[in-house]
Amino acid sequence: MPSTVGSLPDESIFLTIVRGYGHAGKVKKAIGVLDSVCQFGKKPSLKLFNSILDVLVREDIDLAKDFFREQMIGSGFEGDDYTFGILMKGLCSTNRVGDGFKLLSSMKSRGLKPNTVIYNTLIHSLCRLSKVGRARSLMREMVEPNDVTFNIMISAYCKEGNIVLALVMLEKCFKLGFVPDIITVTKVIDALCCEGRVMEAVDLMETVEKKKGSVADVVAYNSLVKGFCVSGKVKAGVRLLKEMERKGCLPNLNTYVLLINGFCELGDLDSALDLFREMGTVGIGYDFITYDTLIKGLCSGGRIAHGFKLLSMMEENTGGFIGHIGPYNSILYGLYRENKWHEAHMFLNEMEKYFPRTVYRSFRIFGLCKEGKFEEAMEVYDEMMNQGDSPSALVYACMIKGLCEKGEVCEAFELLNEMVVKAYFPIKLTFNSLIAAFCKIGEVGGASTLLEEMNRRGCTPDEDSYSPLIDAFCRRGNFQRASALLVQLVEMGIVPSHTMWNSLLLSLRQGQNSFHLFNMFDWIYEN
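Model, not experiment: these values are computed from the prediction.

Chemist: I would appreciate a short explanation of unusual backbone geometry in the present structure.
Modeler: The bulk of non-glycine residues show a negative phi, and the bulk of peptide bonds are trans. Phi at N95 is positive, roughly 60°, even though this residue is not glycine. For N95, the location among the structural elements is in the loop between α5 (81–93) and α6 (97–109). The residue S130 is not glycine, and still its phi comes out positive at about 65°. Mapped onto the elements, S130 comes out in the loop between α7 (116–128) and α8 (132–141). Its relative accessible area of 57% is what places S130 among the exposed residues.

Chemist: Help me understand helix α28 (residues 479–491), please; the structure alone is not making it clear to me.
Modeler: Each α-helix winds once per 3.6 residues, and so residues spaced three or four apart point in a common direction. If you check α28, its first and last C-alpha atoms are 18 Å apart, about what 13 residues at 1.5 Å a residue would give, namely 18 Å. Of the residues flanking the end of α28, it is G493, one or two places downstream, whose phi is positive at about 85°.

Chemist: I keep staring at the pattern of salt bridges and nothing clicks. Help me out?
Modeler: Pairs can form between side chains of opposite charge once their charged atoms are near each other. A full pass over the atoms with the stated rule returns 24 salt bridges. Across the pair R357 and D389 runs a salt bridge, and its minimum N-O distance is 2.9 Å. Of this pair, R357 sits in helix α21 (residues 356–370) while D389 sits in the loop between α22 (374–386) and α23 (393–406); the two residues are 32 residues apart in sequence, bridging distant segments of the chain. The exposure class of R357 is partly exposed, given its relative accessible area of 40%. For D389, a relative accessible area of 9% translates into the label buried.

Chemist: Help me understand the environment of A377, please; the structure alone is not making it clear to me.
Modeler: In this structure, A377 sits in helix α22. Looking at A377, the relative accessible area reads 0%, which means it is buried. Ignoring any residue separated from it by four or fewer positions in sequence, one finds A377 in contact with I365, L368, C369 and M399.

Chemist: Could you clarify how one ought to interpret the side chain of T358 in this entry?
Modeler: Counting through the fold element by element, T358 comes out in helix α21. In this structure the side chain of T358 is engaged in a polar contact, spanning 3.4 Å, whose partner is the side chain of D389. Beyond its immediate chain neighbours, meaning those up to four positions away, T358 contacts I325, M384, D389 and S390.

Chemist: Help me out: how do you make sense of the state of the cysteines in this one?
Modeler: Disulfide: a covalent bond formed between the sulfur atoms of two cysteine residues. If you walk through the whole model with that rule in mind, you get zero disulfides. Counting only cysteine sulfurs, C410 is the nearest neighbor of C404, a cysteine outside any disulfide, at a range of 11 Å.

Chemist: Which parts of the structure should I look at to understand the environment of R337?
Modeler: The topology assignment puts R337 in helix α19 (residues 326–337). With 57 residues separating them in the primary sequence, R337 and L394 have C-alpha atoms 9.9 Å apart. Not counting residues up to four positions away in its chain, the partners in contact with R337 are C299, S300 and I427.

Thresholds applied
Residues numbered from 1 in each chain as written. Predicted model: local features only at pLDDT ≥ 70, side-chain atom pairs only at ≥ 80, totals over all residues. Heavy atoms only, no water. Helix = DSSP H or I, 4+ residues; strand = E, 2+ residues; numbered from the N terminus. Buried < 20%, exposed > 50% of the residue type's maximum accessible area, 1.4 Å probe, protein only. Expected span 1.5 Å × (residues − 1). Salt bridge = Lys/Arg side-chain N within 4 Å of Asp/Glu carboxyl O. Contact = heavy atoms within 4.5 Å. Polar contact = N/O pair within 3.5 Å; in protein donor to acceptor, adjacent residues only side chain to side chain. Disulfide = S-S within 2.5 Å.

Any functional reading would require information beyond the geometric quantities listed.
Okay, structure coming up:
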(Lines give C-alpha, C1' and ligand atoms only; values in the text may rest on other atoms or scores of the structure.)
Protein backbone atom coordinates (compact mmCIF):
# COMPACT_ATOMS: atom_id res chain seq x y z
CA MET A 1 0.00 0.00 0.00
CA PRO A 2 1.39 3.49 -0.77
CA SER A 3 2.80 5.12 2.40
CA THR A 4 2.75 8.76 1.33
CA VAL A 5 -1.02 9.13 1.21
CA GLY A 6 -2.49 10.71 4.31
CA SER A 7 -5.93 9.10 3.93
CA LEU A 8 -7.23 6.33 1.72
CA PRO A 9 -9.18 7.47 -1.38
CA ASP A 10 -12.83 6.55 -1.25
CA GLU A 11 -14.79 4.76 -3.96
CA SER A 12 -16.08 7.96 -5.57
CA ILE A 13 -12.50 8.85 -6.54
CA PHE A 14 -12.01 5.56 -8.37
CA LEU A 15 -15.39 5.88 -10.09
CA THR A 16 -14.42 9.34 -11.32
CA ILE A 17 -11.12 8.01 -12.67
CA VAL A 18 -12.93 5.18 -14.52
CA ARG A 19 -15.35 7.63 -16.11
CA GLY A 20 -12.45 9.88 -17.12
CA TYR A 21 -10.65 7.00 -18.82
CA GLY A 22 -13.92 6.07 -20.48
CA HIS A 23 -14.38 9.56 -21.97
CA ALA A 24 -10.78 9.43 -23.19
CA GLY A 25 -11.34 6.01 -24.79
CA LYS A 26 -8.61 4.41 -22.65
CA VAL A 27 -10.43 1.20 -21.79
CA LYS A 28 -7.33 -0.76 -20.68
CA LYS A 29 -6.48 1.94 -18.16
CA ALA A 30 -10.09 1.84 -16.93
CA ILE A 31 -9.68 -1.89 -16.26
CA GLY A 32 -6.34 -1.14 -14.54
CA VAL A 33 -8.15 0.88 -11.88
CA LEU A 34 -9.05 -2.47 -10.28
CA ASP A 35 -5.34 -3.06 -9.56
CA SER A 36 -5.05 0.42 -8.07
CA VAL A 37 -7.90 -0.32 -5.69
CA CYS A 38 -6.22 -3.54 -4.59
CA GLN A 39 -2.90 -1.70 -4.01
CA PHE A 40 -4.67 0.39 -1.41
CA GLY A 41 -5.79 -2.79 0.32
CA LYS A 42 -9.41 -2.41 -0.75
CA LYS A 43 -11.68 -4.85 -2.48
CA PRO A 44 -13.37 -3.53 -5.68
CA SER A 45 -17.12 -3.12 -5.26
CA LEU A 46 -19.88 -4.22 -7.63
CA LYS A 47 -20.50 -0.55 -8.36
CA LEU A 48 -16.92 -0.13 -9.57
CA PHE A 49 -17.13 -3.26 -11.70
CA ASN A 50 -20.37 -1.96 -13.25
CA SER A 51 -18.74 1.39 -13.97
CA ILE A 52 -15.85 -0.32 -15.81
CA LEU A 53 -18.32 -2.59 -17.63
CA ASP A 54 -20.25 0.47 -18.83
CA VAL A 55 -17.05 1.92 -20.28
CA LEU A 56 -16.19 -1.34 -22.04
CA VAL A 57 -19.68 -1.75 -23.51
CA ARG A 58 -19.37 1.61 -25.25
CA GLU A 59 -16.11 0.54 -26.90
CA ASP A 60 -16.34 -3.22 -27.51
CA ILE A 61 -19.21 -5.47 -26.46
CA ASP A 62 -17.09 -8.63 -26.78
CA LEU A 63 -14.44 -7.18 -24.48
CA ALA A 64 -17.22 -6.26 -22.05
CA LYS A 65 -18.60 -9.82 -22.11
CA ASP A 66 -15.13 -11.25 -21.43
CA PHE A 67 -14.66 -8.81 -18.56
CA PHE A 68 -17.99 -9.86 -17.06
CA ARG A 69 -17.24 -13.60 -17.28
CA GLU A 70 -13.58 -13.57 -16.29
CA GLN A 71 -13.16 -10.70 -13.86
CA MET A 72 -16.56 -9.94 -12.39
CA ILE A 73 -17.75 -13.52 -11.93
CA GLY A 74 -14.17 -14.55 -11.16
CA SER A 75 -14.17 -12.03 -8.30
CA GLY A 76 -17.42 -13.46 -6.95
CA PHE A 77 -19.82 -10.91 -8.41
CA GLU A 78 -22.81 -12.45 -10.22
CA GLY A 79 -24.07 -9.00 -11.19
CA ASP A 80 -27.29 -7.15 -10.48
CA ASP A 81 -30.02 -5.49 -12.56
CA TYR A 82 -27.67 -2.67 -13.47
CA THR A 83 -24.99 -5.12 -14.64
CA PHE A 84 -27.35 -6.96 -16.95
CA GLY A 85 -28.91 -3.69 -18.09
CA ILE A 86 -25.47 -2.51 -19.23
CA LEU A 87 -24.83 -5.75 -21.10
CA MET A 88 -28.29 -5.70 -22.71
CA LYS A 89 -27.72 -2.13 -23.85
CA GLY A 90 -24.42 -3.12 -25.45
CA LEU A 91 -25.85 -6.17 -27.21
CA CYS A 92 -28.89 -4.31 -28.55
CA SER A 93 -26.89 -1.31 -29.72
CA THR A 94 -24.91 -3.70 -31.95
CA ASN A 95 -28.10 -5.47 -33.13
CA ARG A 96 -27.17 -8.74 -31.40
CA VAL A 97 -30.74 -9.43 -30.41
CA GLY A 98 -30.20 -13.20 -30.28
CA ASP A 99 -27.52 -12.71 -27.63
CA GLY A 100 -29.91 -10.38 -25.86
CA PHE A 101 -32.45 -13.18 -25.51
CA LYS A 102 -29.70 -15.50 -24.24
CA LEU A 103 -28.79 -12.91 -21.63
CA LEU A 104 -32.44 -12.72 -20.59
CA SER A 105 -32.55 -16.50 -20.16
CA SER A 106 -29.27 -16.42 -18.23
CA MET A 107 -30.75 -13.95 -15.77
CA LYS A 108 -33.82 -16.11 -15.20
CA SER A 109 -31.69 -19.24 -14.73
CA ARG A 110 -29.73 -17.42 -12.01
CA GLY A 111 -32.96 -16.61 -10.21
CA LEU A 112 -32.81 -12.93 -11.20
CA LYS A 113 -35.96 -11.14 -12.31
CA PRO A 114 -35.27 -8.91 -15.36
CA ASN A 115 -36.47 -5.40 -14.66
CA THR A 116 -38.55 -3.17 -16.93
CA VAL A 117 -35.53 -1.30 -18.29
CA ILE A 118 -33.91 -4.54 -19.51
CA TYR A 119 -37.14 -5.61 -21.21
CA ASN A 120 -37.63 -2.17 -22.76
CA THR A 121 -34.09 -2.19 -24.15
CA LEU A 122 -34.66 -5.50 -25.92
CA ILE A 123 -38.17 -4.53 -27.08
CA HIS A 124 -36.87 -1.26 -28.54
CA SER A 125 -34.14 -3.11 -30.41
CA LEU A 126 -36.66 -5.58 -31.86
CA CYS A 127 -38.91 -2.76 -33.03
CA ARG A 128 -35.95 -0.93 -34.55
CA LEU A 129 -35.23 -4.08 -36.55
CA SER A 130 -38.91 -4.24 -37.64
CA LYS A 131 -39.59 -7.33 -35.51
CA VAL A 132 -42.66 -5.76 -33.90
CA GLY A 133 -44.60 -9.01 -33.50
CA ARG A 134 -41.75 -10.57 -31.54
CA ALA A 135 -41.50 -7.41 -29.43
CA ARG A 136 -45.21 -7.67 -28.61
CA SER A 137 -44.72 -11.30 -27.52
CA LEU A 138 -41.85 -10.26 -25.26
CA MET A 139 -43.98 -7.49 -23.79
CA ARG A 140 -46.52 -10.10 -22.68
CA GLU A 141 -43.83 -11.59 -20.41
CA MET A 142 -43.49 -8.33 -18.53
CA VAL A 143 -45.16 -8.10 -15.16
CA GLU A 144 -45.04 -4.31 -15.05
CA PRO A 145 -44.74 -2.59 -18.42
CA ASN A 146 -44.40 1.16 -18.04
CA ASP A 147 -45.11 4.24 -20.13
CA VAL A 148 -41.79 3.80 -21.99
CA THR A 149 -42.86 0.28 -23.04
CA PHE A 150 -46.07 1.63 -24.54
CA ASN A 151 -44.29 4.53 -26.23
CA ILE A 152 -41.97 2.04 -27.94
CA MET A 153 -44.75 -0.29 -29.09
CA ILE A 154 -47.19 2.42 -30.23
CA SER A 155 -44.44 4.20 -32.20
CA ALA A 156 -43.42 0.90 -33.82
CA TYR A 157 -46.97 0.12 -34.96
CA CYS A 158 -47.30 3.64 -36.37
CA LYS A 159 -44.00 3.26 -38.25
CA GLU A 160 -45.17 0.08 -39.96
CA GLY A 161 -48.54 1.68 -40.77
CA ASN A 162 -50.57 -0.58 -38.46
CA ILE A 163 -52.85 2.09 -36.99
CA VAL A 164 -55.34 -0.51 -35.71
CA LEU A 165 -52.82 -2.17 -33.37
CA ALA A 166 -51.36 1.22 -32.46
CA LEU A 167 -54.81 2.30 -31.23
CA VAL A 168 -55.32 -1.02 -29.42
CA MET A 169 -52.01 -0.50 -27.62
CA LEU A 170 -52.92 3.11 -26.89
CA GLU A 171 -56.22 2.08 -25.31
CA LYS A 172 -54.44 -0.48 -23.12
CA CYS A 173 -51.96 2.21 -22.14
CA PHE A 174 -54.80 4.49 -20.99
CA LYS A 175 -56.48 1.67 -19.05
CA LEU A 176 -53.30 1.02 -17.06
CA GLY A 177 -53.15 4.68 -16.13
CA PHE A 178 -50.27 5.64 -18.42
CA VAL A 179 -50.25 8.51 -20.90
CA PRO A 180 -47.85 8.29 -23.87
CA ASP A 181 -45.43 11.16 -24.39
CA ILE A 182 -46.36 13.86 -26.86
CA ILE A 183 -43.93 12.54 -29.49
CA THR A 184 -45.74 9.19 -29.54
CA VAL A 185 -49.15 10.88 -29.52
CA THR A 186 -48.08 13.00 -32.51
CA LYS A 187 -47.14 9.84 -34.42
CA VAL A 188 -50.62 8.41 -33.82
CA ILE A 189 -52.20 11.71 -34.88
CA ASP A 190 -50.14 11.68 -38.09
CA ALA A 191 -51.20 8.10 -38.81
CA LEU A 192 -54.88 8.90 -38.24
CA CYS A 193 -54.71 12.02 -40.41
CA CYS A 194 -53.03 10.06 -43.23
CA GLU A 195 -56.13 7.84 -43.28
CA GLY A 196 -58.45 10.86 -43.29
CA ARG A 197 -59.57 10.25 -39.69
CA VAL A 198 -58.91 13.80 -38.54
CA MET A 199 -61.74 14.05 -36.03
CA GLU A 200 -60.51 10.90 -34.27
CA ALA A 201 -57.10 12.59 -34.07
CA VAL A 202 -58.73 15.66 -32.52
CA ASP A 203 -60.50 13.47 -29.94
CA LEU A 204 -57.18 11.80 -29.11
CA MET A 205 -55.51 15.18 -28.58
CA GLU A 206 -58.29 16.27 -26.24
CA THR A 207 -58.06 12.99 -24.29
CA VAL A 208 -54.30 13.30 -23.84
CA GLU A 209 -54.54 16.94 -22.76
CA LYS A 210 -57.23 16.06 -20.23
CA LYS A 211 -55.24 13.16 -18.78
CA LYS A 212 -51.98 15.11 -18.64
CA GLY A 213 -53.63 18.29 -17.43
CA SER A 214 -51.55 20.33 -19.86
CA VAL A 215 -51.75 21.63 -23.42
CA ALA A 216 -49.99 19.69 -26.20
CA ASP A 217 -47.13 21.34 -28.06
CA VAL A 218 -47.25 23.16 -31.39
CA VAL A 219 -45.77 20.17 -33.28
CA ALA A 220 -48.75 18.00 -32.32
CA TYR A 221 -51.21 20.75 -33.25
CA ASN A 222 -49.47 21.26 -36.58
CA SER A 223 -50.07 17.58 -37.34
CA LEU A 224 -53.78 18.20 -36.85
CA VAL A 225 -53.67 21.36 -38.96
CA LYS A 226 -51.95 19.40 -41.73
CA GLY A 227 -54.62 16.69 -41.44
CA PHE A 228 -57.41 19.23 -41.91
CA CYS A 229 -55.63 20.83 -44.88
CA VAL A 230 -54.96 17.51 -46.64
CA SER A 231 -58.64 16.58 -46.27
CA GLY A 232 -59.66 19.94 -47.79
CA LYS A 233 -61.04 21.33 -44.50
CA VAL A 234 -58.70 24.29 -44.32
CA LYS A 235 -61.18 26.55 -42.52
CA ALA A 236 -61.36 23.94 -39.76
CA GLY A 237 -57.57 24.21 -39.62
CA VAL A 238 -57.88 27.99 -39.14
CA ARG A 239 -60.35 27.43 -36.29
CA LEU A 240 -57.84 25.05 -34.72
CA LEU A 241 -55.20 27.79 -34.99
CA LYS A 242 -57.47 30.11 -32.98
CA GLU A 243 -58.08 27.32 -30.47
CA MET A 244 -54.32 26.89 -30.09
CA GLU A 245 -53.95 30.58 -29.31
CA ARG A 246 -56.80 30.44 -26.78
CA LYS A 247 -55.07 27.57 -24.95
CA GLY A 248 -51.75 29.37 -24.89
CA CYS A 249 -50.04 27.24 -27.55
CA LEU A 250 -48.77 29.81 -30.01
CA PRO A 251 -48.83 28.88 -33.72
CA ASN A 252 -45.46 28.95 -35.44
CA LEU A 253 -44.21 29.49 -38.97
CA ASN A 254 -45.07 25.94 -40.01
CA THR A 255 -48.68 26.36 -38.83
CA TYR A 256 -49.20 29.31 -41.16
CA VAL A 257 -47.37 27.73 -44.10
CA LEU A 258 -49.56 24.61 -43.84
CA LEU A 259 -52.74 26.74 -43.90
CA ILE A 260 -51.49 28.98 -46.71
CA ASN A 261 -50.67 25.92 -48.80
CA GLY A 262 -54.08 24.43 -47.96
CA PHE A 263 -55.92 27.53 -49.20
CA CYS A 264 -53.74 27.64 -52.33
CA GLU A 265 -54.64 24.00 -53.07
CA LEU A 266 -58.33 24.93 -52.79
CA GLY A 267 -57.85 27.98 -55.01
CA ASP A 268 -58.87 30.33 -52.17
CA LEU A 269 -56.01 32.72 -52.78
CA ASP A 270 -57.57 35.65 -50.92
CA SER A 271 -57.63 33.62 -47.70
CA ALA A 272 -54.03 32.56 -48.32
CA LEU A 273 -52.99 36.21 -48.71
CA ASP A 274 -54.91 37.16 -45.54
CA LEU A 275 -52.94 34.58 -43.56
CA PHE A 276 -49.71 35.83 -45.09
CA ARG A 277 -50.49 39.35 -43.87
CA GLU A 278 -51.53 38.00 -40.46
CA MET A 279 -48.08 36.42 -40.10
CA GLY A 280 -46.53 39.88 -40.31
CA THR A 281 -49.04 41.24 -37.82
CA VAL A 282 -48.30 38.60 -35.16
CA GLY A 283 -44.55 38.91 -35.65
CA ILE A 284 -43.79 35.67 -37.48
CA GLY A 285 -41.09 36.24 -40.07
CA TYR A 286 -41.37 34.88 -43.60
CA ASP A 287 -38.95 32.20 -44.70
CA PHE A 288 -38.25 30.83 -48.17
CA ILE A 289 -40.95 28.14 -47.91
CA THR A 290 -43.56 30.80 -47.11
CA TYR A 291 -42.73 32.81 -50.21
CA ASP A 292 -42.30 29.74 -52.40
CA THR A 293 -45.66 28.27 -51.32
CA LEU A 294 -47.65 31.45 -51.85
CA ILE A 295 -45.98 32.49 -55.12
CA LYS A 296 -46.61 29.01 -56.49
CA GLY A 297 -50.26 29.17 -55.41
CA LEU A 298 -50.80 32.62 -56.88
CA CYS A 299 -49.19 31.80 -60.22
CA SER A 300 -51.00 28.46 -60.50
CA GLY A 301 -54.27 30.23 -59.73
CA GLY A 302 -53.89 32.90 -62.41
CA ARG A 303 -52.80 35.71 -60.07
CA ILE A 304 -49.50 36.30 -61.81
CA ALA A 305 -49.40 40.04 -60.94
CA HIS A 306 -49.61 39.23 -57.22
CA GLY A 307 -46.92 36.61 -57.77
CA PHE A 308 -44.57 39.23 -59.24
CA LYS A 309 -45.20 41.58 -56.28
CA LEU A 310 -44.48 38.84 -53.78
CA LEU A 311 -41.30 37.86 -55.64
CA SER A 312 -40.08 41.47 -55.49
CA MET A 313 -40.87 41.54 -51.78
CA MET A 314 -38.91 38.32 -51.31
CA GLU A 315 -35.89 39.72 -53.14
CA GLU A 316 -35.97 42.97 -51.14
CA ASN A 317 -36.33 41.30 -47.74
CA THR A 318 -34.10 38.28 -48.16
CA GLY A 319 -31.76 38.87 -51.04
CA GLY A 320 -33.75 36.55 -53.27
CA PHE A 321 -32.76 33.31 -51.58
CA ILE A 322 -29.95 32.81 -54.06
CA GLY A 323 -29.84 29.24 -55.29
CA HIS A 324 -33.57 28.57 -54.82
CA ILE A 325 -35.19 28.60 -58.25
CA GLY A 326 -38.68 27.46 -57.18
CA PRO A 327 -40.44 30.86 -56.98
CA TYR A 328 -38.93 31.94 -60.30
CA ASN A 329 -40.09 28.79 -62.03
CA SER A 330 -43.55 29.44 -60.54
CA ILE A 331 -43.58 32.85 -62.26
CA LEU A 332 -42.59 31.18 -65.54
CA TYR A 333 -45.37 28.64 -65.04
CA GLY A 334 -47.88 31.43 -64.46
CA LEU A 335 -46.84 33.14 -67.69
CA TYR A 336 -46.98 29.80 -69.53
CA ARG A 337 -50.53 29.23 -68.24
CA GLU A 338 -51.55 32.62 -69.64
CA ASN A 339 -49.86 31.87 -72.97
CA LYS A 340 -47.53 34.84 -72.50
CA TRP A 341 -44.49 33.34 -74.18
CA HIS A 342 -42.73 36.62 -74.95
CA GLU A 343 -43.01 37.85 -71.34
CA ALA A 344 -41.87 34.43 -70.10
CA HIS A 345 -38.73 34.53 -72.25
CA MET A 346 -37.98 38.07 -71.06
CA PHE A 347 -38.34 36.99 -67.43
CA LEU A 348 -36.12 33.97 -68.08
CA ASN A 349 -33.45 36.36 -69.34
CA GLU A 350 -33.73 38.35 -66.10
CA MET A 351 -33.18 35.14 -64.13
CA GLU A 352 -29.70 34.77 -65.61
CA LYS A 353 -28.12 36.85 -62.81
CA TYR A 354 -29.25 34.24 -60.28
CA PHE A 355 -29.26 31.02 -62.33
CA PRO A 356 -26.91 31.43 -65.30
CA ARG A 357 -26.43 27.71 -66.00
CA THR A 358 -30.14 26.89 -65.94
CA VAL A 359 -31.04 29.87 -68.14
CA TYR A 360 -28.29 29.06 -70.66
CA ARG A 361 -29.43 25.45 -70.96
CA SER A 362 -33.10 26.47 -71.24
CA PHE A 363 -32.42 28.75 -74.20
CA ARG A 364 -30.12 26.09 -75.66
CA ILE A 365 -33.04 23.63 -75.61
CA PHE A 366 -35.36 26.20 -77.22
CA GLY A 367 -32.86 26.76 -80.03
CA LEU A 368 -32.22 23.07 -80.66
CA CYS A 369 -35.94 22.32 -80.78
CA LYS A 370 -36.47 25.15 -83.25
CA GLU A 371 -33.75 23.62 -85.45
CA GLY A 372 -35.35 20.18 -85.15
CA LYS A 373 -32.38 18.76 -83.24
CA PHE A 374 -34.49 16.99 -80.63
CA GLU A 375 -31.91 14.36 -79.67
CA GLU A 376 -29.41 17.08 -78.79
CA ALA A 377 -32.11 18.97 -76.92
CA MET A 378 -32.85 15.82 -74.91
CA GLU A 379 -29.16 15.50 -74.06
CA VAL A 380 -29.15 19.04 -72.67
CA TYR A 381 -32.33 18.26 -70.73
CA ASP A 382 -30.67 15.14 -69.28
CA GLU A 383 -27.68 17.26 -68.24
CA MET A 384 -30.02 19.64 -66.44
CA MET A 385 -31.67 16.79 -64.54
CA ASN A 386 -28.41 15.00 -63.72
CA GLN A 387 -26.73 18.15 -62.40
CA GLY A 388 -29.62 19.29 -60.22
CA ASP A 389 -31.06 22.02 -62.46
CA SER A 390 -34.82 22.45 -62.37
CA PRO A 391 -36.40 22.76 -65.84
CA SER A 392 -39.27 25.24 -66.07
CA ALA A 393 -42.69 24.66 -67.61
CA LEU A 394 -41.38 26.40 -70.73
CA VAL A 395 -38.70 23.75 -71.21
CA TYR A 396 -41.20 20.92 -70.82
CA ALA A 397 -43.69 22.53 -73.21
CA CYS A 398 -41.04 23.16 -75.84
CA MET A 399 -39.67 19.60 -75.60
CA ILE A 400 -43.14 18.02 -75.73
CA LYS A 401 -44.14 20.07 -78.77
CA GLY A 402 -40.90 19.22 -80.58
CA LEU A 403 -41.06 15.49 -79.82
CA CYS A 404 -44.69 15.38 -80.98
CA GLU A 405 -43.76 16.99 -84.28
CA LYS A 406 -41.02 14.39 -84.73
CA GLY A 407 -43.43 11.56 -83.91
CA GLU A 408 -41.66 10.59 -80.65
CA VAL A 409 -44.99 10.34 -78.84
CA CYS A 410 -43.94 8.00 -76.01
CA GLU A 411 -41.03 10.26 -75.05
CA ALA A 412 -43.32 13.30 -75.22
CA PHE A 413 -45.88 11.59 -72.98
CA GLU A 414 -43.19 10.69 -70.44
CA LEU A 415 -42.17 14.34 -70.29
CA LEU A 416 -45.81 15.30 -69.80
CA ASN A 417 -45.95 13.00 -66.78
CA GLU A 418 -42.73 14.52 -65.39
CA MET A 419 -44.22 17.95 -65.91
CA VAL A 420 -47.37 17.05 -63.95
CA VAL A 421 -45.29 15.51 -61.13
CA LYS A 422 -43.61 18.91 -60.76
CA ALA A 423 -47.13 20.46 -60.44
CA TYR A 424 -46.90 22.10 -63.88
CA PHE A 425 -50.25 21.24 -65.39
CA PRO A 426 -50.18 21.63 -69.22
CA ILE A 427 -52.25 24.23 -71.03
CA LYS A 428 -54.44 23.24 -73.97
CA LEU A 429 -51.70 24.07 -76.50
CA THR A 430 -49.47 21.35 -74.99
CA PHE A 431 -52.37 18.92 -74.70
CA ASN A 432 -53.36 19.54 -78.31
CA SER A 433 -49.86 18.73 -79.54
CA LEU A 434 -50.02 15.34 -77.82
CA ILE A 435 -53.59 14.60 -78.91
CA ALA A 436 -52.69 15.29 -82.54
CA ALA A 437 -49.53 13.17 -82.24
CA PHE A 438 -51.42 10.23 -80.71
CA CYS A 439 -54.04 10.40 -83.47
CA LYS A 440 -51.36 10.56 -86.13
CA ILE A 441 -49.92 7.21 -85.03
CA GLY A 442 -53.39 5.69 -84.62
CA GLU A 443 -53.44 5.72 -80.78
CA VAL A 444 -56.94 7.19 -80.48
CA GLY A 445 -57.38 5.62 -77.05
CA GLY A 446 -54.50 7.64 -75.63
CA ALA A 447 -55.77 10.78 -77.37
CA SER A 448 -59.27 10.25 -75.91
CA THR A 449 -57.82 9.82 -72.43
CA LEU A 450 -55.96 13.11 -72.76
CA LEU A 451 -59.15 14.85 -73.85
CA GLU A 452 -60.95 13.48 -70.81
CA GLU A 453 -58.07 14.59 -68.58
CA MET A 454 -58.32 18.10 -69.99
CA ASN A 455 -62.00 18.28 -69.08
CA ARG A 456 -61.39 16.76 -65.65
CA ARG A 457 -58.70 19.30 -64.84
CA GLY A 458 -60.81 22.25 -66.00
CA CYS A 459 -58.63 22.89 -69.05
CA THR A 460 -61.39 23.58 -71.60
CA PRO A 461 -60.66 21.84 -74.94
CA ASP A 462 -61.04 23.80 -78.16
CA GLU A 463 -61.52 22.98 -81.82
CA ASP A 464 -57.88 21.88 -82.17
CA SER A 465 -58.41 19.38 -79.35
CA TYR A 466 -61.40 17.72 -81.02
CA SER A 467 -60.48 17.95 -84.69
CA PRO A 468 -57.70 15.26 -84.75
CA LEU A 469 -59.87 12.81 -82.78
CA ILE A 470 -62.93 13.30 -84.97
CA ASP A 471 -60.81 12.83 -88.07
CA ALA A 472 -59.14 9.71 -86.59
CA PHE A 473 -62.48 8.08 -85.67
CA CYS A 474 -63.90 8.86 -89.09
CA ARG A 475 -60.91 7.28 -90.80
CA ARG A 476 -61.45 4.19 -88.67
CA GLY A 477 -65.07 4.12 -89.72
CA ASN A 478 -66.31 4.82 -86.18
CA PHE A 479 -68.95 7.37 -87.11
CA GLN A 480 -70.73 7.00 -83.76
CA ARG A 481 -67.70 8.13 -81.69
CA ALA A 482 -66.90 10.90 -84.15
CA SER A 483 -70.46 12.25 -84.08
CA ALA A 484 -70.53 12.08 -80.25
CA LEU A 485 -67.42 14.25 -80.11
CA LEU A 486 -68.94 16.66 -82.61
CA VAL A 487 -72.02 17.00 -80.40
CA GLN A 488 -69.78 17.76 -77.38
CA LEU A 489 -68.05 20.43 -79.42
CA VAL A 490 -71.30 22.09 -80.43
CA GLU A 491 -72.60 21.98 -76.85
CA MET A 492 -69.51 23.98 -75.88
CA GLY A 493 -70.59 26.67 -78.32
CA ILE A 494 -67.94 25.91 -80.94
CA VAL A 495 -69.00 25.73 -84.59
CA PRO A 496 -67.46 22.69 -86.33
CA SER A 497 -64.84 23.54 -88.93
CA HIS A 498 -64.88 22.55 -92.60
CA THR A 499 -62.20 19.96 -91.79
CA MET A 500 -64.51 18.19 -89.35
CA TRP A 501 -67.40 18.17 -91.80
CA ASN A 502 -65.12 16.85 -94.51
CA SER A 503 -64.05 14.00 -92.20
CA LEU A 504 -67.69 13.12 -91.55
CA LEU A 505 -68.52 13.25 -95.26
CA LEU A 506 -65.55 10.97 -95.92
CA SER A 507 -67.03 8.59 -93.40
CA LEU A 508 -70.35 8.80 -95.23
CA ARG A 509 -68.73 8.01 -98.57
CA GLN A 510 -67.12 4.99 -96.99
CA GLY A 511 -70.59 3.58 -96.38
CA GLN A 512 -71.68 5.03 -93.06
CA ASN A 513 -75.30 5.75 -92.16
CA SER A 514 -76.27 8.94 -93.99
CA PHE A 515 -79.47 9.19 -91.96
CA HIS A 516 -77.50 9.94 -88.77
CA LEU A 517 -75.35 12.48 -90.59
CA PHE A 518 -78.34 14.40 -91.97
CA ASN A 519 -80.01 14.34 -88.54
CA MET A 520 -76.83 15.78 -87.08
CA PHE A 521 -76.83 18.61 -89.66
CA ASP A 522 -80.39 19.46 -88.66
CA TRP A 523 -79.63 19.30 -84.90
CA ILE A 524 -76.56 21.53 -85.17
CA TYR A 525 -78.31 24.23 -87.18
CA GLU A 526 -81.35 24.13 -84.89
CA ASN A 527 -79.07 24.69 -81.86
